[in-house]
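Working through the structure, step by step
Residues per chain, in single letters:
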Amino acid sequence: DEFQTWSRVRVRSFLAPGSQPLGFPQLSESTRPLCQASHLEDWEGQEGLLSQPASGEQAEIRFFVHHCVRYLWSAESQSFRRLLALDLGLPFASLHTLHGTGLPRSTQDYRRLFYGANQIDVKVPSIPRLLLKEVLNPFYIFQAFSMLLWSLDDYYLYASAILFMSLVSIGCSLYTLRKQYVLLHDMVAAHNVIRVTVYRGPHEMEEIFSTELVPGDVLLVPPGGLTLPCDAVLLNGTAIVNESMLTGESVPVTKTALPRPAPGASGLLRDPLYSPEEHKRHTLFCGTCVIQTRYYSGEAVRALVIRTGFSTSKGQLVSAILFPKPTDFRLYRDACRFLLCLVGVAGIGMLYSVIRSVQQGEQAGRIILESLDILTITVPPALPAAMTAGVVYAQRRLRGRQIFSISPQRINICGQLNLMCFDKTGTLTEDGLDLWGFVQARNSSFLPAGRDLRALSRSGSPLVAAMATCHSLTTIGGRLSGEPLDLKMFEATGWVLEEPTQEETALHDQIQPTVVHPPDQTPLEIPEGASEEEELMELMKLYQIGILMQFPFSSSLQRMTVVTRTLGEKKLVAYMKGAPETVGSLCRKETVPDNFSAVLESYTRRGLRVIALACRQLENKYTWHKVQHVSRDVIECGMDFLGLVMLQNKLKAETVPVLEELRRACIRPVMVTGGLGGGGACSVTGEGSFPGEEKAAKQRKGSARLSGGLLPPPPP
């Protein structure tokens, strides 16, 4: 396997009316998938998914399951290959057109033969199986041999004591291990089976159990949300998702629909290949909770199932827990070498004992017992019982901290740790941020730094408009929710965010925009009997900005962009927010101050988090409908640099004691942060907790930046 480990598994087979997992059974044309005929021809010509045996024939499919992953026999390569789904290598257009209408019941049943039930089933091993796995440890086999030897030599009392200790340690280990397996099983099975609605065509729907889902099903995501039973890509609408189960982040994330192919900056049609890891902003992951959705024109939010069962992100996480990567630590190698040395010493002693006993004419049985007894003296038989008792005690202490393990032997490895890496934001520092200040850019130079954004907002500054619009905030239960950075920047402006209700959105042919406006705008009093033109003129007096399109933040691109329209104006305006170096490179050079790098470095060395803002007034050719289908690289160019916003986050109360404890244990703490190298180190050392020289390390990988501030070792 991928760990270069040999395993023995049973190859099984089944009969199916076809040989392609993502194909269709050999049925009449009326029961084929509800797609256009041209689409089926594309499948036959390009992907070859309709190469089925003759009508009535059954193909024999050979497969095996290893670590909950299925492998199918490939006649072309004459080897077993991992069963794949819709998660890799398919273009956006294919997901929308070929897979976006749902599957008929016959095709769903056919694909379930290959993919099995959509279920993450953690089987709790029986006690005899766990006992066999525990007792077959080489140490316990040697211990049983030693007890037998002592019994033959009339050491019954000592042998009984060792047997009692071994039984107690094995019993405690089995009880703890099985209890944690049961806990994992109950935790995973909490949302294994729910009722979901799938599409059987453009308009027909059916309610089924989530265990019946297969890759290619189109799932209805209800407005009230649900817990995802599979990995799916959002085809239309938007969704607010809580991904804390997978990422640990409690902040809800906004998911947008997978964009349809659109011409890029060069004019060529861009149809990228879909990848769940690269396009997380469009993917709903198994186990995460959809809080609410937004739709338009009465059309519900749909998602295409791309992975099921153990192939999902949740399934892979559970599989990694059940079958951890084999460890090859030096501790194990040194322990084996030490035992081999002891066996070598015992072998020399045994040889000497045999020679002396033969010279003295002792009986052969006595010679064998005495020589083997030397081996049990050199290699302590009570060692496994003592180690098991220590591991059980460690597990009990960890359980008190809500830490569980189904691989107890790895606990010993934790004692060999000498380096620990921490993320900065939200781990060492508080999740919340405080606005420190801002610097505007005007006429290719920076203005003096300011602190009061409220006064700036009254002047109609584009910097404030960018802070009020360039975010992914949403209203949940009447409260603003989103990324802490977005939330803090928006709150600093004092503006108001208004989202359309589901009833308002359902009345229109497009998603109604989220609107932001300054707080000091009083409701208009329109006289009764006023004409529509008079009402429109009164509305034009308000200063409101509608967010028409959002290009979500991408860690690889290090930026996000929104397209907006101000009430009463014809041209659209794009606002960008992101890493200063990235935003500066996408702006017109004449708008970026000459001392940009020096000013940026001066703020990052204070430990501040710096965000750059930019804007661009779009040409008349870009209309509301056109920006919905345009590529982001067409919009994110030729921007006007607006300035910098500085935020500060403080250390958590428990950070300093924990890091001090690690230092006392001679464990070196390392901070890994996504900002400039000096900023992360300064934000921690600025608290006065780490005397000595601060170090910063930068490492570039592709377009993403990873920098780590290395916390200094304790002074001598």
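The structure we're discussing is the one just above.
Attention here is on the structure that accompanies the text. (Residues numbered from 1 in each chain as written. Predicted model: local features only at pLDDT ≥ 70, side-chain atom pairs only at ≥ 80, totals over all residues. Heavy atoms only, no water.)

Turning our eyes to something else, we now look at the overall build of the protein. When you go through the protein residue by residue, the secondary structure sums to 23 helices and 30 strands. In the protein, the proportion of contacts linking residues at least 24 apart, taken out of those at least 6 apart, comes to 72%. (Helix = DSSP H or I, 4+ residues; strand = E, 2+ residues; numbered from the N terminus. Contact = heavy atoms within 4.5 Å.)

Considering the arrangement of structural elements, one finds Ser166 in helix α6 (residues 156-188). Taking the C-alpha atoms as reference points, Ser166 and Leu383, separated by 217 residues in sequence, lie 9.9 Å from one another.

Tracing the sequence through the fold places Ser357 in helix α9 (residues 330-359). Residue classification places Ser357 among the buried residues on the basis of a relative accessible area of 5%. (Buried < 20%, exposed > 50% of the residue type's maximum accessible area, 1.4 Å probe, protein only.)

When we look at a pair of aromatic rings, we describe it by the centre distance and by the angle of the planes. Throughout the structure, instances matching the rule amount to 10 aromatic pairs. Ring geometry for Phe64 versus Phe80: centroids 5.0 Å apart, planes at 70°, classification edge-to-face. Within this pair, whereas Phe64 is found in strand β2 (residues 59-66), its partner Phe80 is found in strand β4 (residues 79-82), the two being separated by 16 residues in sequence. Classification of Phe64 by relative accessible area gives buried; the value is 14%. A ring pair is formed by Trp73 and Phe80, whose centres lie 5.1 Å apart and whose planes are at 70°; its orientation type is edge-to-face. On the basis of relative accessibility, which here comes to 29%, the residue Trp73 falls in the partly exposed class. Members of the aromatic cluster, each reached through a chain of ring pairs, are Phe14, Phe63, Tyr110 and Phe114. The residue whose ring lies beneath Arg70 is Phe63, and the NZ or CZ to ring-centre distance is 4.7 Å. (Phe/Tyr/Trp six-rings, centres within 6.5 Å; stacked < 30°, edge-to-face > 60°. Lys NZ or Arg CZ within 6 Å of the ring centre and 35° of its normal.)

Our focus in this paragraph is unusual backbone geometry. Although it is not a glycine, His67 adopts a positive phi angle of roughly 55°. Its place among the elements puts His67 in the loop between β2 and β3 (69-74). With a phi angle near 70°, Asp154 is a residue other than glycine that sits in the positive phi range. When you line up the elements, Asp154 lands in the loop between α5 (138-152) and α6.

With that settled, consider the sheet that holds β2. Sheet strands pair by backbone hydrogen bonding; their relative direction is either parallel or antiparallel. The strand order across the open sheet formed by 4 strands is β1-β2-β3-β4, and the pairing between neighbours is antiparallel. A strand with exactly one partner marks an edge of an open sheet, and here the two such strands are β1 (12-16) and β4. Strand-to-strand twist across the sheet, computed as the mean angle between neighbouring axes with direction ignored, equals 40°. The pairing of β2 with β3 spans 4 bridges and is antiparallel. If you follow Val65 over to β3, its bridge partner there is Arg70. (Pairing = 2+ DSSP bridges. Axes fitted to C-alpha atoms, helices over the stretch in contact; angles between N-to-C directions.)

With that out of the way, let us pick up the sheet that holds strand β17 (residues 434-442). Strand order in the open sheet formed by 9 strands is β18-β17-β27-β26-β25-β24-β23-β22-β21, and the pairing between neighbours is antiparallel. Because the sheet does not close on itself, it has two edges, and the strands there are β18 (445-446) and β21 (496-498). Note that strand β23 (residues 545-554) and strand β24 (residues 559-566) share 7 bridges and pair antiparallel. The partner of Ile547 across the bridge, within β24, is Thr564. Taken strand by strand, helix α14 (residues 462-469) contacts β17, β22 (514-517), β23, β24, β25 (573-578), β26 (609-617) and β27 (640-648), and its axis lies near 60° from that of β27. The strands touched by helix α15 (residues 484-493) within the sheet are β17, β21, β22, β25, β26 and β27, with β27 carrying the most contacts at an inclination of about 105°.

A few words on the pattern of salt bridges. All chains considered together, the criterion is met by 21 salt bridges. Residue Glu207 is joined to Arg195 by a salt bridge in which the shortest nitrogen-to-oxygen separation is 2.8 Å. Of this pair, Glu207 sits in strand β6 (residues 205-209) while Arg195 sits in strand β5 (residues 195-199), and the two are 12 residues apart along the sequence. The partly exposed category is assigned to Glu207, whose relative accessible area is 47%. By relative accessible area, Arg195 is classed as partly exposed at 45%. The partner of Asp486 in a salt bridge is Lys577, and the shortest N-O contact between them spans 2.4 Å. You can see Asp486 sitting in helix α15 and its partner Lys577 sitting in strand β25, a full 91 residues away along the chain. This pair shows no difference in class: Asp486 is buried, exactly as Lys577 is. Residues joined in a network through salt bridges with shared partners are Arg105, Asp109, Arg112, Arg200, Glu206, Glu212 and Asp217. (Salt bridge = Lys/Arg side-chain N within 4 Å of Asp/Glu carboxyl O.)

So, on to the pairing of β26. Among the 9 residues of β26, 7 are classified as buried, and the element is accordingly described as predominantly covered. The pairing of β25 with β26 spans 6 bridges and is antiparallel. By the bridge assignment for β26, Lys577 is matched with Leu613. Summarising the sheet, β26 and β27 pair through 7 bridges and their orientation is antiparallel. Among the inter-strand pairings, Arg609 is bridged to a residue of β27, identified as Leu647.

Attention now moves to the nonpolar core. Ranked by internal contacts, the top residues of the largest apolar core, which has 32 residues, are Tyr575 and Leu613. Of all the elements, α14 adds the most residues to this core, at 6 residues. For Leu613, the contacting residues outside a window of four places in its chain are Leu463, Ala466, Met467, Met489, Met576, Lys577, Val583, Phe641, Leu642, Gly643 and Val645. Ranked by size, the runner-up nonpolar core spans 25 residues in total, among them Leu72, Ala85, Phe92 and Tyr110. (Core = buried A, V, L, I, M, F, W, Y, C linked by side-chain atoms within 4.5 Å.)

Looking now at the side chain of Asp231. When you line up the elements, Asp231 lands in strand β8 (residues 231-234). A polar atom in the side chain of Asp231 sits 2.7 Å from the backbone nitrogen of Cys286. With residues up to four places along the chain from it excluded, the contact list for Asp231 reads Leu284, Phe285, Cys286, Leu304, Val305, Ile306, Arg307, Thr312 and Ser313. (Polar contact = N/O pair within 3.5 Å; in protein donor to acceptor, adjacent residues only side chain to side chain.)

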